[in-house]
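# Structure at a glance
One-letter residues, chain by chain:
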Amino acid sequence: MGKINIVKYPPRETWERVTKRPGGGASDLDRVCETIFEEVRREGDEALRRYTRHFDRARPEFLEVTGEEFEEAARETPAALREAILLARARVERFHVLQAPREDVTIHDHGIRCWQETRPIERVGLYVPGGSAPLFSTVVMLVVPARLAGCREIALCTPPRPDGKVHPAIAWSARACGATRLYKVGGVQAIAAMTFGTESIRRVDKILGPGNAFVTAAKQRASTLGVAIDMPAGPSELMVVADETADPRFVAADLLSQAEHGPDSQVFLVTSEEYLPERVEAELERQARALPRGEIIERALGTSTCVVLRDREECADFINSYAPEHLMLSVKDSAWWIPLVQHAGSVFIGNYS
């Protein structure tokens, strides 16, 4: 447990091989999606119930979460967690308020006035994974901007537990953040339901949210059937760049937090400090023993690597060569690094980020 591949001073011509991402069978995904989409289109709720029994081992009485279930979720969600979710909601709101489009008017020659106005998407469908790990943080990150944008209907789909109910933290977050509907449906069938509409779930205008390879393939299919999507997402990945000021405990914790997303997740440690990989690996071993998703972590670390390079300039080139979804800069001189990062998704600066 906790083992990660260590590669020291790889030549540049091998970087593409060192950073090769896990691959999958797209044709199999497409066939599964085609079958489920067609059955949901024809049979509606009956197909949703059948696939929920098959994939989630659940038989929910109602596909939509009821008011009584929301009240039960509030009782089952610990007060400390509710407080943390509200704090996250406030911070996400403060960030996304700044993204509200400005409606500036440009006046050209002869008094021609040009401006741009925006309108909220009326109905959005949000997908929140809830099978092996209930991602209630995703609820906050999806619902809050949809509410701030003024979307009239914010429908959220998430897989039920075997008892036929939604994880209480997901249900409580959905109501606290402003979702208007919450459905106990997950996987490809949820995306199909939001694409076509069923007796219980209305068709939406755009589908957003993360998911596994099947959900991603389903969203791509939805985009060919008149429903917009955010973007196709690959397996989760993180690259941590660390210098002598990095804390091996924090580096290992960050690597593990991303590795536990799924067996196809990929994490990298990049450093020019020769001693650091062994210290981080010892921390990976120690911390992984205490985590419940050990098997998933072990499989993810099997396709993950610690790369030792000659200097920080080479480390910066390596970042841009890989273009990570998440990049963490655990370094002392972030002002030097930031202008050099050209290809990365979200960037976290410092050990405490």
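Quick summary incoming for the structure in this document. All of these numbers come straight from a predicted model, not from anything done at the bench.

A complete count under the given rule lists 25 salt bridges for this structure. With a shortest N-O distance of 3.1 Å, Arg 102 and Asp 104 are connected by a salt bridge. Judged by its relative accessible area of 68%, Arg 102 is exposed. Look at Asp 104 and you get partly exposed, because its relative accessible area is 45%. Shared partners join several salt bridges into a network, and the residues in it are Glu 38, Glu 39, Arg 41, Arg 42, Glu 43 and Arg 50.

Attention now moves to the environment of Gln 287. Looking at where Gln 287 falls in the secondary structure, it is placed in helix α11 (residues 276-288). Residue Gln 287 is classed as buried on the basis of its relative accessible area of 17%. The contacts of Gln 287, once residues within four sequence positions are left out, are Arg 249, Ala 252, Ala 253 and Leu 256.

Most of strand β10 (residues 266-271) is tucked away, with six of its six residues classed as buried. Going residue by residue along β10, you find Gln 266, Phe 268 and Val 270 tucked away on one face and Val 267, Leu 269 and Thr 271 tucked away on the opposite face as well. Pairing between strand β9 (residues 237-242) and β10: six bridges, direction parallel. Residue pairing for β10: Met 239 is matched across the bridge by Phe 268. Read as a crossover between parallel neighbours, the route from β9 over helix α10 (residues 248-259) to β10 is right-handed. Here β10 runs beside strand β11 (residues 305-308); their pairing, made up of four bridges, is parallel. Among the inter-strand pairings, Val 270 is bridged to a residue of β11, identified as Val 307.

A separate point is the packing of helix α4 (residues 67-76) against helix α7 (residues 168-177). Contact geometry of α4 with α7 gives a least axis separation of 8 Å together with a crossing angle of 110 degrees. With respect to their mutual orientation, α4 and α7 come out roughly perpendicular. The two elements α4 and α7 cross, and the hand of that crossing is left-handed. Counted together, Gly 67, Phe 70, Ala 73, Ala 74 and Glu 76 of α4 and Pro 168, Ala 171, Trp 172 and Arg 175 of α7 form the full contact between these two elements. Of the residues belonging to the contact of α4 with α7, the class tally is six nonpolar, one polar and two charged.

Cut-offs used in this document
Residues numbered from 1 in each chain as written. Predicted model: local features only at pLDDT ≥ 70, side-chain atom pairs only at ≥ 80, totals over all residues. Heavy atoms only, no water. Salt bridge = Lys/Arg side-chain N within 4 Å of Asp/Glu carboxyl O. Buried < 20%, exposed > 50% of the residue type's maximum accessible area, 1.4 Å probe, protein only. Helix = DSSP H or I, 4+ residues; strand = E, 2+ residues; numbered from the N terminus. Contact = heavy atoms within 4.5 Å. Pairing = 2+ DSSP bridges. Right-handed = clockwise from strand over helix to strand, strands pointing away. Axes fitted to C-alpha atoms, helices over the stretch in contact; angles between N-to-C directions. Parallel < 35°, antiparallel > 145°, perpendicular 65-115°, else oblique. Left-handed = near helix turned anticlockwise from the far one by under 90°. Nonpolar A, V, L, I, M, F, W, Y, C, P; charged D, E, K, R; others polar.

Such coordinate-based values are descriptive only and should not be taken to indicate function.
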